[in-house]
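Geometric and topological summary
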Amino acid sequence: MVKSALVALLAASGLVSATSLPAEAQFQRCTSHNKLLQQLSERYKEAPTAMGIVNDKALMQMYASDETGSWTIVITKADGKACIVATGHSWEDFEPIIKGPGV
């Protein structure tokens, strides 16, 4: 899907970086994977929407909420430590307008 590829590209290229979080993200930037997922689900109604492997060393996951419009990109290392890379609002799912090979 185009969205997944875009998120992975942005995360890998450094265009999505550890910037200051919006005021609504008032929990630790890094914590255990399970704790972070619980917080995203309970506080923001976010669920996983996309994922990919980063340099064979970490898992990048995109969480978003149709209900609240919030979104979060999380990187989880092999040791289970998960860190928020970026957050935002006004998330929208869409179908690709232009379809190319593999889309």
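Scroll up to find the structure this text is about.
Residues numbered from 1 in each chain as written. Predicted model: local features only at pLDDT ≥ 70, side-chain atom pairs only at ≥ 80, totals over all residues. Heavy atoms only, no water.

1. As for the packing of aromatic side chains
As enumerated under the stated definition, the model contains one aromatic pair in all. Both rings, one in W71 and one in W91, keep their centres 6.4 Å apart while their planes meet at 55°; by these two values the pair is tilted. Of this pair, W71 sits in strand β4 (residues 71-77) while W91 sits in the segment after β5 (81-88), and the two are 20 residues apart along the sequence. For the pair W71 and W91, one class covers both residues: buried. (Phe/Tyr/Trp six-rings, centres within 6.5 Å; stacked < 30°, edge-to-face > 60°. Helix = DSSP H or I, 4+ residues; strand = E, 2+ residues; numbered from the N terminus. Buried < 20%, exposed > 50% of the residue type's maximum accessible area, 1.4 Å probe, protein only.)

2. Some details on the sheet that holds β4
The five strands are arranged β1-β5-β4-β3-β2 in an open sheet whose pairing can be described as antiparallel. Edge positions in the sheet fall to β1 (30-32) and β2 (47-54), since each has one partner strand and no second. Averaged over neighbouring strand pairs, the angle between their axes works out to 30° when direction is ignored. In this structure, β2 lies alongside strand β3 (residues 58-64), joined through seven bridges in antiparallel fashion. Opposite G52, over in β3, you have M60 as the bridge partner. Docked against the sheet, helix α2 (residues 33-44) engages β1, β3, β4 and β5, running at close to 105° with respect to β1. (Pairing = 2+ DSSP bridges. Axes fitted to C-alpha atoms, helices over the stretch in contact; angles between N-to-C directions. Contact = heavy atoms within 4.5 Å.)

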